[in-house]
Amino acid sequence: MENVYLTALHGMEGMFPAVVKPSETFKKSSYGNQFRGYYEEKLPVFEALEEGYNNALDKEQYILNMAEALVQPAAGKISAVTKRGKQEGMLVDYNMFIVVYVLPSILEFKGNSSRPLADQILACWKQQFPKANLSAASFEDIEAGFHKKWCYITTAVCETFGKPDNCYELTVLRNYRDGYLMSQPEGEEIIREYYDVAPTIVKRINKRPDKKAIYRNLWDTYLAPCITMIENDENESCKELYMKMVRDLQEKYFYDSYTS
């Protein structure tokens, strides 16, 4: 029993790779294979963790120990970075790795320990990094997100400002989409409806000579406030503001495309 416990504990300590750069593999063409490889590598950890959980007398304490074994070493590495910009970038990478690899692989195991462990990791991570706003999504939900490009408008705005595809703003909104929004009862329908109209809206704006001014206004009025809301754990407010932006743009650029 002790060996099983230590196998699980040390395995949780090693859930992050030596270099955490998830944006390099989180692409439609490579994510599926990368995830499956990661899951198979960590499967012995989940098996040991499950055996220990099922035999533990105090299951809550057992899960807390395992969650802290993952969170504390990562938090120590992030806190050790003295430059604020580098520290923030490192935190974004860790946030993203948790969302697209760690939590989905835990849920993929589908054991008695899986959901309690995912929830406890989120709680411990939030305690360490209060501005982090993460949610647990399954591999299937994240994979489906590649076919529902909910960040069309944000991507167009960021491209106008010269920001890369893996910039902080897009990463925050993608994590929000794949985590919080997909977990809501109406989330998948919201994403589908958005995808139906967003490409046409972007095409219409891109044809206008004042497109940069339009995108700047979208940033100031909707997107920057949305990101702040996510950072402050105001998920529902973000959803309402983002939907308002889409409705406003739909009225101005989508329906008008059939009459001009």
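Predicted model only: the values in this text are computed from it and were never measured.

**Student:** Summarise the overall build of the protein chain; cite the residues concerned and give the values.
**Tutor:** On a plain count of helices and strands, the protein chain comes out with 11 helices and 0 strands. Starting at the N terminus and ending at the C terminus, the protein chain contains elements arranged as α-α-α-α-α-α-α-α-α-α-α. Expected size for 260 residues packed as a compact globule is a radius of gyration near 18 Å; at 20 Å, the protein chain falls within 12% of this value. A buried classification covers 50% of the 260 residues belonging to the protein chain. Sequence-distant contacts, at least 24 apart, represent 75% of the contacts inside the protein chain between residues at least 6 apart. On the protein chain, roughly 13,100 Å² of surface is accessible, and the fraction owed to carbon and sulfur atoms is 50%.

**Student:** For the packing of helix α8 (residues 168–183) against helix α10 (residues 211–231), give the residues involved together with the corresponding values.
**Tutor:** Where α8 contacts α10, the axes come no closer than 10 Å and their chain directions differ by 60°. As α8 packs across α10, the resulting crossing turns out to be left-handed. On α10, the residues touching Tyr 168, Glu 169, Val 172, Leu 173 and Tyr 176 of α8 are Trp 219, Ile 227, Ile 230 and Glu 231. Of the residues belonging to the contact of α8 with α10, the class tally is 7 nonpolar, no polar and 2 charged.

**Student:** Hey, could you go over the environment of Asp 119 for me, with residue numbers and the actual values?
**Tutor:** Note that Asp 119 resides in helix α5 (residues 114–128). With a relative accessible area of 38%, Asp 119 lands in the partly exposed category.

**Student:** Would you mind going over the confidence of the model for the protein chain in detail, with residue names and values included?
**Tutor:** Here the protein chain averages 85 in pLDDT, and 92% of its residues register 70 or above. The element-level mean pLDDT for the protein chain is lowest in helix α6 (residues 139–145), coming to 72, with helix α3 (residues 59–79) highest at 96.

**Student:** Outline the pattern of salt bridges, listing residues and values.
**Tutor:** Under the defined criterion, the tally for this structure stands at 11 salt bridges. The residue Glu 88 makes a salt bridge to Arg 84 at a minimum N-O spacing of 3.1 Å. Highlighted residues: Glu 88 and Arg 84, both in helix α4 (residues 84–109), separated by 4 residues, approximately one helical turn. Residue classification places Arg 84 among the exposed residues on the basis of a relative accessible area of 64%. Note that Lys 244 is salt-bridged to Asp 248, the shortest N-O span being 2.9 Å. With Lys 244 and Asp 248 both in helix α11 (residues 235–254) and 4 residues apart, the pair spans about one turn of that helix.

**Student:** Can you explain the nonpolar core? Please cite residues and give values.
**Tutor:** Side chains of a nonpolar character, in soluble globular proteins, are inclined to be buried together. One finds Met 12, Phe 16, Leu 117, Ile 121 and Trp 125 to be the most contacted residues of the largest nonpolar core, which totals 54 residues. Where this core is concerned, the elements lending two or more residues are α1 (2–13), α2 (31–55), α3, α4, α5 and α6. Sort the elements by how many residues they give to this core and α4 lands first, with 12 residues. Setting aside residues up to four positions removed in sequence, Leu 117 forms contacts with Met 12, Leu 49, Ile 63, Met 66, Ala 67 and Ile 106. Listed in part, the 34 residues of the second largest apolar core include Leu 173, Val 197, Cys 226 and Met 229.

Calculation notes
- Residues numbered from 1 in each chain as written.
- Predicted model: local features only at pLDDT ≥ 70, side-chain atom pairs only at ≥ 80, totals over all residues.
- Heavy atoms only, no water.
- Helix = DSSP H or I, 4+ residues; strand = E, 2+ residues; numbered from the N terminus.
- Rg over C-alpha atoms; globule rule 2.2 N^0.38 Å.
- Buried < 20%, exposed > 50% of the residue type's maximum accessible area, 1.4 Å probe, protein only.
- Contact = heavy atoms within 4.5 Å.
- Areas by Shrake-Rupley, 256 points an atom, 1.4 Å probe, with all protein chains shown as cover.
- Axes fitted to C-alpha atoms, helices over the stretch in contact; angles between N-to-C directions.
- Left-handed = near helix turned anticlockwise from the far one by under 90°.
- Nonpolar A, V, L, I, M, F, W, Y, C, P; charged D, E, K, R; others polar.
- pLDDT = per-residue confidence, 0-100.
- Salt bridge = Lys/Arg side-chain N within 4 Å of Asp/Glu carboxyl O.
- Core = buried A, V, L, I, M, F, W, Y, C linked by side-chain atoms within 4.5 Å.

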